[in-house]
Amino acid sequence: MFGEQTKRGKKFGGKAENLSLLVANGIPVPEAQVISTESFTEFKRTGQIGQELILTLEKVRQNFGGKIALRSSATCEDGDRLSMSGVFETFYLDEDHSIEDCLHKIYEQAQSQTVQDYLALHDLSGEQVEMAVVVQKLIEPDVAGVIYTGVEGNLLIQYASGFGSNLVDGVVEGASIVYSPNEDKLIKSKNSDLLKISSEKLRELATLASKICKIFPNSAQDIEFAIEGDNIHILQARTLTAEADGFDLEMSETEIVNYIKEQIRQIVDKEKAELGTTNVILSDSNFSELLPHPKEMDFGVFAHIFTGRNGQAGAIQLGRKQMGYPLGEESVGYMDYVGGKPYFSIAKDAHTFYAGFPATKDEYTQTFVEEYLASINEHPERGEYPEMGLYVQDPSLEELVNRFGEVAGQQYFQVYLNFKETMKKQAELFLPEYLLNQKSAIDSFIVHHEAIDFSQLTTEELGKQAMEILEHLRTVSCVQFVKSARLGFYFSQRLQTLLKDNFGFNEDEVTSMFAKLNQGLDDSEITNANLKIAQSSSLDEALEVGKRLVGHYSTGEMLEIRHPRLKDDEVALGQYVGGIFSSGSQYVQEFERQKSDRQEVEIKLKERLVGNTEVSGEFTRVLEASQTYMSLRETVKYQFVKEYAILRDILVELANKLEMPAEDIFSLYPEEILDLVQNPTHFPALIAERQERFGKYSLLDLPSVIRESDIDLIGEAESSEQIANLELLGKFLAGGKALAEAIIVNLEDFETVEAAREVLLFYRNQALPIVLVASQMNLSHDPLIVQADGLVIENAGLVSHGAQRARELGRGAIGGIKAKKLKTGERVSFNPSLKKIIKNS
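Since the model is a prediction, treat every value here as computed from it, not as a measurement.

Procedures and definitions
- Residues numbered from 1 in each chain as written.
- Predicted model: local features only at pLDDT ≥ 70, side-chain atom pairs only at ≥ 80, totals over all residues.
- Heavy atoms only, no water.
- Helix = DSSP H or I, 4+ residues; strand = E, 2+ residues; numbered from the N terminus.
- Buried < 20%, exposed > 50% of the residue type's maximum accessible area, 1.4 Å probe, protein only.
- Contact = heavy atoms within 4.5 Å.
- Pairing = 2+ DSSP bridges.
- Axes fitted to C-alpha atoms, helices over the stretch in contact; angles between N-to-C directions.
- Core = buried A, V, L, I, M, F, W, Y, C linked by side-chain atoms within 4.5 Å.
- 1 Å grid on protein atoms, 1.4 Å probe; cavity = no way out; pocket = protein on both sides within 12 Å on 5 of 7 lines; lining within 4 Å.
- Points joined across faces, edges and corners; volume = space filled by probe spheres on them.
- Nonpolar A, V, L, I, M, F, W, Y, C, P; charged D, E, K, R; others polar.
- Phe/Tyr/Trp six-rings, centres within 6.5 Å; stacked < 30°, edge-to-face > 60°.
- Lys, Arg positive; Asp, Glu negative; His and termini not counted.
- Salt bridge = Lys/Arg side-chain N within 4 Å of Asp/Glu carboxyl O.

(A) Main features of the overall build of the protein. Regarding its fold elements, the protein presents 26 helices and 22 strands. With the C-alpha coordinates of the protein rotated into their principal frame, the extents come out at 100 × 65 × 60 Å. Taking all 841 residues of the protein together, 56% fall into the buried category. For the protein, the proportion of contacts with a sequence separation of at least 24, taken over those separated by at least 6, is 70%.

What follows is the structure, encoded as structure tokens:
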């Protein structure tokens, strides 16, 4: 391969001889041919490259599959004193590139003033340089990088996707890990989530590095590698001539921003390749209400269960397919964890609403999906809860004919009518099926697992139990939630269309009327539990009722699994129960008032339809379905959160048995659990890296909707004028009293809910109207909501859980205003009907 071996510097140069030694010792090096220094000598004399050599190299290129890499191998390069790393360029050639032109460039570079100046710094003369060239079969790697051996006794591995030249030339930062082969342990890491190397490949790299160090025993090594598929190739090895100790893998705020930008660009590139859309838009508006400050496990559990992850369908895909949606792979895995937030792809999310028209999913992408993307690009706010107003779900015949022409429009409208009939049957059948069969089966599964003593299980058994709970949530419990929620959202959209088309309401009036029709709903397990606590005869009885009925509630955000449950925190349970119980009759009376007001509105609307039998019947049926399933989704959520509590108990016990802090396990993704059990020493560095990033995510203010044009703007500070804006306009969530003067209590300003509650009660005792502000609100906030007069919920839409709680508790609510713009103690006027807050200067 390398021909006759001679002394270093006389014929082949440093790189070629090093490669020859690697091959002789069984190291996997790509096939290669060497052009000796004699060709360079001839080039210096004549300025020409012999055509015989070019023809020979063309044959070599063909023998190597048509693609080669030309690497310098100068006599002054890759020596014990001087590596000259990065001084000479490497060329990657396919059949369209001229070998002769690239050789010219290498030879000319060897004589350049830049090289002359570089050598002079090291007391060497450019006249001494002779240049050989290694012609190597081109490896087109998935991952490539560099290994530095002997770095504080460990390996420092830096790598990036694609060719390693991007890394060594500083085009990309790539990822870095410090690995101890002796302990089989990751010591430190940076950016490793952007590009992962498996435990097996890490050990293979360490084994190869060890072998290379034995070939060159007197010095630490700088080793370039490439991973192509399942194969590792060593591209070159040389003496590490520069000290690599004292490296810093800490991440600055700027590096965090760059990490997020690179992550988003990867998401964009992947989605365009998969769907063929012209642009990509991400939104966090739906899921940030449920996961306002998620860590990796919080996000990963939710994504695994609901949206699908790593190519596996989630409950959303499974449930909707059972309902008649003809979903494909386009809709799987449409959430990503970006900057500490749960962003979803608009295009992939839209595919979960594909109901069979137009005829193919590709045509759906090219028509409806591209239209949605274009609309949000122009009006970013339309990316917030796009299923409520943007996505076409209830089309008219005229609309479809205008879009697709007479023939196709008629055909697609019939498809929609068939789908509409399917949804009608689903609404009739799902509730009895759930109550008679599914609910009891799920309850039995929960009771069985609540009885298990997890402290008696091995780590392997705990890992399997965690996977069993996850799979039950993904394929059973949350499929029921998805169905109830889809029916609730679908008929809510239909209801709003009927309100607009048959009553002459404008957009704001439709929103307000819809909110009134969905307040004070019966048969929600969540509301029923609170009513039972409020109606208890004593606080002790209320605590017993609370522990039994809401002990599985989170002390923090309900679907962020890292937070302890009320059953595990007597103080938190007491605060929750005490808040509801102390409101007592007020809580019950408020619910009954909301219910009465709703029923009165229903009667008035139905009276307006007397004489129009067809519309009246349709309105009544759609209204009942909307109310039934908006309420049922709360009941199903109440049930599946019990499985969340069991899963959390398993994860905490697993962390305990692995002798790691309990909070550390929540910096992993669920798919890493089984690997953690098998390779626990590989995770502390990754956990530390993620925790460092998480701690700095709060420094950033990412937009709710991210368009491609927004990526470069991420990290730019918001002006003080924007933050201090006196008039804040949001969106309507729930009707309630307008307050001429009220005082702000912002939950984001407090470390604990109890601290916020103390301040809230302080203001309440002064008879001051209170506007409660938070990035999101969930079940655990009910005791605070009862004490407030109005709500501002940053991450919430009309059909969000937070908005539903506001309506059920009779509190006016505004959404879409950033919580950070309102500080505890500020005086404001609050008008939910006008969707406006004005700071009193």
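Additional details are given in the paragraphs that follow.
(B) Quick peek at the pairing of strand β9 (residues 221–228). Most of β9 is tucked away: seven of the eight residues are buried. By the bridge criterion, eight bridges tie β9 to strand β10 (residues 231–239) in an arrangement that is antiparallel. Bridging across to β10, Glu-224 finds its partner in Gln-236. Counted along the chain from β9 to the antiparallel partner β10, the turn is two residues long, and its residue Gly-229 has a positive phi close to 65 degrees.

(C) The arrangement of the sheet that holds strand β14 (residues 705–706) in detail. Here four strands make up an open sheet; going across it, the order is β12-β13-β11-β14 and the pairing antiparallel. The two strands at the open ends of the sheet, each matched to only one other strand, are β12 (335–338) and β14. By the bridge criterion, two bridges tie strand β11 (residues 282–283) to strand β13 (residues 341–345) in an arrangement that is antiparallel. Note on β13: the bridge partner recorded for Ser-283 is Phe-344. Against the sheet, helix α8 (residues 253–275) makes contact with β11, β12, β13 and β14, and its axis sits at roughly 165 degrees relative to β12, the strand it touches most.

(D) Seen up close, unusual backbone geometry. For the bond from Phe-357 to Pro-358, the omega torsion is -5 degrees, close enough to zero to count as cis. When you line up the elements, Pro-358 lands in the loop between α11 (346–351) and α12 (361–378). The phi dihedral of Asn-191 is positive, around 60 degrees, even though this residue is not glycine. Mapping Asn-191 onto the fold places it in the loop between β8 (185–190) and α7 (199–215). Its relative accessible area of 5% is what places Asn-191 among the buried residues.

(E) Structural view of the nonpolar core. Counting 178 residues, the largest nonpolar core has Phe-306, Leu-499 and Leu-772 as its most contacted members. Take this core: its biggest share by element is 19 residues, from helix α20 (residues 613–657). If we skip the residues at most four places from it in the chain, Phe-306 touches Gly-314, Ala-315, Ile-316, Gln-317, Cys-478, Phe-481, Val-482 and Phe-640. By size, the runner-up hydrophobic cluster in this structure holds 35 residues, among which are Leu-19, Ile-215, Ile-234 and Ala-685.

(F) Geometry of the layout of surface pockets. Computed from the structure, the second largest pocket encloses a volume of approximately 1,400 Å³. Lining of the second largest pocket is provided by 36 residues; of these, Met-388, Gly-389, Leu-390, Gln-496 and Glu-507 occupy positions nearest its centre. Contributing elements (two or more residues each) for the lining of the second largest pocket: α12, α15 (459–503), α16 (507–517) and β16 (731–734). Looking at the lining of the second largest pocket element by element, the count peaks at five residues for α15. Residue composition of the lining of the second largest pocket, by class: 12 nonpolar, 12 polar and 12 charged.

(G) Quick peek at empty space enclosed by the protein. Following the criterion strictly, the structure yields four cavities of 30 Å³ or more and no others. Lining the second largest cavity, in full, are Tyr-325, Phe-353, Tyr-354, Ala-355, Phe-357, Tyr-364, Phe-368, Tyr-372, Val-392, Gln-393 and Phe-419. The element that contributes the greatest number of residues to the lining of the second largest cavity is α12, accounting for three residues. Tallied by class, residues from the lining of the second largest cavity come to 10 nonpolar, one polar and no charged.

(H) Highlighting the packing of aromatic side chains. Overall, the coordinates contain 33 aromatic pairs when judged by the stated rule. Ring geometry for Phe-287 against Phe-344: centres 5.7 Å apart, planes inclined by 85 degrees, an arrangement best described as edge-to-face. Here Phe-287, found in the loop between β11 and α9 (296–307), pairs with Phe-344, found in strand β13; they are 57 residues apart in sequence, far enough to count as distant. One exposure class covers both Phe-287 and Phe-344, and it is buried. Relative to Tyr-416, the ring of Phe-413 lies with its centre 6.4 Å away and its plane at 40 degrees, an arrangement referred to as tilted. Of this pair, Phe-413 and Tyr-416 both sit in helix α14 (residues 406–450), three residues apart, which is roughly one turn of the helix. Comparing Phe-413 with Tyr-416 shows no difference in burial state: the two are buried. Among the aromatic residues, ring-to-ring pairing joins Phe-353, Tyr-354, Phe-357, Tyr-364, Phe-368, Tyr-372, Tyr-391, Phe-404, Tyr-412, Phe-413 and Tyr-416 into one connected group.

(I) Representation of the sheet that holds strand β22 (residues 836–839) in the model. Spatially, eight strands are ordered β15-β22-β21-β17-β18-β19-β20-β16 in an open sheet, and the strand pairing comes out mixed. On the outer flanks of this sheet lie β15 (727–729) and β16, each paired with one strand and no other. In this sheet, neighbouring strand axes are inclined to one another by 30 degrees on average, regardless of whether the strands run parallel or antiparallel. Bridging between strand β17 (residues 739–746) and strand β21 (residues 827–831) involves three bridges; their strand directions are antiparallel. Counterpart to Ile-743 in the pairing with β21 is Arg-827.

(J) View of the environment of Leu-155. Note that Leu-155 resides in strand β6 (residues 154–161). On the basis of relative accessible area, Leu-155 is assigned to the buried category, the value being 6%. Leu-155 sits 66 residues away from Gln-221 along the chain, and the two C-alpha atoms are 9.9 Å apart.

(K) Structural view of the side chain of Glu-387. Structurally, the position occupied by Glu-387 is in the loop between α12 and α13 (397–404). There is no salt bridge for the buried Glu-387, and the closest opposite charge comes from Arg-486, which lies 6.4 Å off by N-O distance. If sequence neighbours within four positions are ignored, Glu-387 has contacts with Asn-286, Phe-353, Gln-393 and Gln-493.

(L) Looking closely at the environment of Leu-57. With respect to the secondary-structure elements, Leu-57 resides in helix α3 (residues 51–63). Sequence separation between Leu-57 and Lys-348 is 291 residues; the distance between their C-alpha atoms is 48 Å. Setting aside anything within four residues of it in sequence, one finds Leu-57 in contact with Ile-35, Ile-99, Leu-103 and Val-135.

(M) Expanded view of the pattern of salt bridges. Tallied over the full model, the rule gives 52 salt bridges. With its nearest N and O atoms 2.4 Å apart, the salt bridge here joins Asp-298 to Arg-562. Here the residue Asp-298 occupies a position in helix α9, and Arg-562 occupies one in the loop between α18 (539–550) and α19 (570–608), the gap between them amounting to 264 residues. A residue is classified by how much of its surface remains accessible, and Asp-298, at 0% relative accessible area, is buried.

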